[in-house]
Amino acid sequence: MAPMGIRLSPLGIGVFCLLGLGVLYHVYSGFLTWRFSSFLLGERAGDMVDLRELLAAAVRAAELGGEEVKAVRQSNKLNENSKGKTREGADEMLTQGDLLSNKKMANLIINSFPGVQVNSEEHLGEDDKEAIYWDRVVPNEIKEIVKSSKLVSSDSITVWIDPLDATAEYTENLINYVTTMVCVAVNGKPIIGVIHKPFTGYTAWAMVEGGSNTKKRASYNEKTPTIIVSRSHSGPVKELALQSFGNQTKIISAGGSGYKVLSLLDVTGNNQDSADVYIHNTYIKKWDICAGNAILNALGGEMTNLKGEDIIYTGSDGNEGGLLASIGLDHNTLVEKLSPKTSK
Ligand SMILES: Nc1ncnc2c1ncn2[C@@H]1O[C@H](COP(=O)(O)O)[C@@H](OP(=O)(O)O)[C@H]1O
Ligand SMILES: [Mg+2]
Ligand SMILES: [Mg+2]
Ligand SMILES: [Mg+2]
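Residues numbered from 1 in each chain as written. Chains lettered and ligands numbered in written order. Predicted model: local features only at pLDDT ≥ 70, side-chain atom pairs only at ≥ 80, totals over all residues. Heavy atoms only, no water.

Enquirer: How should I be thinking about the sheet that holds strand β15 (residues 302-304) in this particular structure?
Expert: The strands that make up a sheet pair up through hydrogen bonds in the backbone, lying either parallel or antiparallel. In space, the five strands of this open sheet follow the order β12-β11-β13-β17-β15, with mixed pairing throughout. Among the strands making up the open sheet, the edge pair consists of β12 (251-254) and β15. Sheet twist, expressed as the mean angle between neighbouring strand axes with direction ignored, is 20°. Of the strand pairs in this sheet, strand β11 (residues 227-230) and strand β13 (residues 277-280) are connected by two bridges, and their pairing is parallel. From the neighbouring strand, Ile-227 faces β13, where its bridge partner is Val-277. Sheet contacts for helix α8 (residues 286-298): β15 and β17 (323-326); angle to β15, the most-contacted strand, approximately 140°. (Pairing = 2+ DSSP bridges. Helix = DSSP H or I, 4+ residues; strand = E, 2+ residues; numbered from the N terminus. Axes fitted to C-alpha atoms, helices over the stretch in contact; angles between N-to-C directions. Contact = heavy atoms within 4.5 Å.)

In structure tokens:
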């Protein structure tokens, strides 16, 4: 049998070349479109973060950290020690609960959103790295409230993580004060806050201009407000409160900054104190306060320093000017009441 040969007609070659050119043009124009949109957005597509996804991951991180916090407390092997002293000379406690929760929470956010700056309270060494990822599922509970995605550039984001707030109270087994917290700041503004109570399972979350699963109470007492303050890092805060708001003022001492922010909201039924104003007048770190600040802002409240100035959540991790948090009240009036004592 004669070998079979393939003969291409000149017309066939022409059609083949035209097809090839078409494919090349398609690929190249796609590339041009991508370059052009990248130019318009100022970012490569991979550098944009959906804040709704980051909220879902933050809730997951807070829950996972909470599981560690709870397990360590139940095992009674806290391995507690002091990692240093506060400026006022109190021990800064560190436990196995702080460390294991930090490992879960920080790794989950770092691995799932590699372009964002993550500042967590506890040190995450090379040996603490863990391949833990957010499962990329935005729960319906979030989708029903935050209806759409919101893209921002990853380099505008700073995530603040407190893997265990109220460590001092945790070591005393005052577990109701304990929370885990995640905050997302965009260009230094607190936008997403998550406060999770591991021992009741309650989680409050909110996104500024996005929505929240919690709300403010129906009313607050402006004339003789109940003021909530620290029980283990108080400084002269009670004197400040009584001088500013009068001797009849009721003061509640409670642990945890997250817990104290929740006391301003409508979260009764979760073993919560209820207060009108939260004041802190010693040094405090941004991971302690950012989530509460975001939640209050999202619900129309405010958290500022004692002079009424906004706290910026980039750069250094410390907040020097004290703290005044309120919702449903005229924040400026509160600042004015405090001002004779804080302007010195
Ligand atoms: N003067 C201070 N210096 C450093 N941290 C402080 C502080 N006052 C409060 N904090 C921190 O702020 C959080 C709330 O404090 P308090 O319960 O006293 O209101 C605690 O966080 P951690 O438990 O995460 O360390 C506590 O350590
Ligand atoms: Mg601490
Ligand atoms: Mg804290
Ligand atoms: Mg902490």
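Enquirer: Can you help me understand helix α3 (residues 96-112) in this one?
Expert: The α-helix advances 3.6 residues per turn, and as a result positions three or four apart in sequence lie on the same side. A rise of 1.5 Å per residue sets the reference length of α3, with its 17 residues, at 24 Å; its end C-alpha atoms lie 24 Å apart and thus fit the reference within 8%. Along α3, the residues that are buried comprise Gly-97, Asp-98, Ser-101, Asn-102, Lys-104, Met-105, Ala-106, Asn-107, Leu-108, Ile-109 and Ser-112. Structurally, α3 contributes buried residues whose contacts are with α2 (51-75), β3 (91-94), β4 (117-120), β6 (157-165), α5 (167-171) and β7 (179-186). The residue sitting at the N-terminus of α3 and contributing the capping side-chain oxygen is Thr-95; that oxygen lies 3.1 Å from the backbone nitrogen of Gly-97. (Expected span 1.5 Å × (residues − 1). Buried < 20%, exposed > 50% of the residue type's maximum accessible area, 1.4 Å probe, protein only. Polar contact = N/O pair within 3.5 Å; in protein donor to acceptor, adjacent residues only side chain to side chain.)

Enquirer: Can you help me understand the site of ligand 1 in this one?
Expert: Ligand 1 sits among 20 residues. The nearest are Glu-88, Ser-230, His-233, Gly-256 and Lys-260. Within the backbone of Ala-166, one N or O atom sits 2.8 Å away from an oxygen atom of ligand 1. Gly-256 is positioned with one of its backbone polar atoms (N or O) 2.6 Å from an oxygen atom of ligand 1. In isolation ligand 1 exposes 550 Å². Once the protein is present, 96% of that is buried. Only β6 and α7 (257-262) provide two or more residues apiece to the shell around ligand 1. Along the lines of polarity and charge, the residues of the shell around ligand 1 split into four nonpolar, ten polar and six charged. A domain-level breakdown of the shell around ligand 1 finds at least three residues from each of domain 1 (49-212) and domain 2 (227-342). (Near = heavy atom within 4 Å. Areas by Shrake-Rupley, 256 points an atom, 1.4 Å probe, with all protein chains shown as cover. Nonpolar A, V, L, I, M, F, W, Y, C, P; charged D, E, K, R; others polar. Domains from an automatic or database assignment.)

Enquirer: Help me understand the sheet that holds strand β10 (residues 211-212), please; the structure alone is not making it clear to me.
Expert: Sheet architecture is open: six strands sit in the order β4-β6-β7-β8-β9-β10, paired in mixed fashion. The two strands at the open ends of the sheet, each matched to only one other strand, are β4 and β10. Looking at chain direction, β7 and strand β8 (residues 189-197) are connected through seven bridges and run antiparallel. Opposite Cys-183, over in β8, you have Gly-193 as the bridge partner. The strands that α3 touches are β4, β6 and β7; relative to β6, the one it contacts most, it runs at about 155°.

Enquirer: Sorry, what's going on with unusual backbone geometry here?
Expert: Glycine aside, the phi torsion of most residues is negative, and most peptide linkages are trans. Phi is positive for Asn-173, close to 65°, though the residue is something other than glycine. Mapped onto the fold, Asn-173 is located in the loop between α5 and β7. Positive phi is not limited to glycine here, since Glu-209 has a value of about 60°. Tracing the chain through its elements places Glu-209 in the loop between β9 (202-207) and β10.

Enquirer: Can you help me understand the coordination of the magnesium ion (ligand 4) in this one?
Expert: Each donor-metal-donor angle would ideally measure 109.5 degrees in four-coordinate tetrahedral geometry, or 90 or 180 degrees in six-coordinate octahedral geometry. Coordination of the magnesium ion (ligand 4) by the protein involves Glu-121 (OE), Asp-162 (OD) and Leu-164 (O), with metal-donor separations of 2.0 to 2.2 Å. The class for Glu-121 is buried, based on a relative accessible area of 18%. On the basis of relative accessibility, which here comes to 1%, the residue Leu-164 falls in the buried class. (Donors = N, O, S within 2.8 Å, 3.2 Å for Na, K, Ca; no water.)

Enquirer: What should I look at first to understand the confidence of the model for the protein in this one?
Expert: Low-pLDDT portions of the prediction should not be read for the details of their coordinates. Averaged over the protein, the pLDDT score is 90; the fraction of residues at 70 or greater is 86%. Of the regions scoring below 50 in pLDDT, residues 1-5 engages in zero contacts with residues more than four places distant in sequence or in other chains. A low-confidence stretch, residues 27-45 (pLDDT under 50), is modelled with six contacts involving residues beyond four sequence positions or located in other chains. Quick note on the complex model: pTM equals 0.88, ipTM equals 0.99. (pLDDT = per-residue confidence, 0-100.)

Enquirer: Help me understand the coordination of the magnesium ion (ligand 3) in this model?
Expert: Donor atoms from the polypeptide that bind the magnesium ion (ligand 3) are Asp-162 (OD), Asp-165 (OD) and Asp-288 (OD), placed at 1.9 to 2.1 Å. Sequence positions of the residues that donate to the magnesium ion (ligand 3) give the spacing D-x2-D-x122-D. The distance between the magnesium ion (ligand 3) and the magnesium ion (ligand 2) comes to 5.3 Å. Remark: Asp-288 occurs in helix α8 and Asp-162 occurs in strand β6; sequence separation between them is 126 residues. For the pair Asp-162 and Asp-288, one class covers both residues: buried.

Enquirer: Explanation requested: the side chain of Ser-154 in the structure shown.
Expert: For Ser-154, the position within the fold is in the loop between β5 (151-153) and β6. Judged by relative accessible area, which is 8%, Ser-154 ranks as buried. Every residue in contact with Ser-154, bar those within four places of it in the chain, is listed here: Asp-47, Val-49, Gly-115 and Val-116.

Enquirer: Please clarify how the environment of Asp-276 should be interpreted in this entry.
Expert: Within the secondary structure, Asp-276 is located in the loop between α7 and β13. Along the primary structure Asp-276 and Asn-221 are separated by 55 residues, whereas in three dimensions their C-alpha atoms are 6.4 Å apart. When near neighbours in sequence (up to four residues on either side) are disregarded, Asp-276 contacts Arg-217, Tyr-220, Asn-221, Pro-225, Thr-226, Leu-264, Ala-325, Ser-326 and Leu-329.

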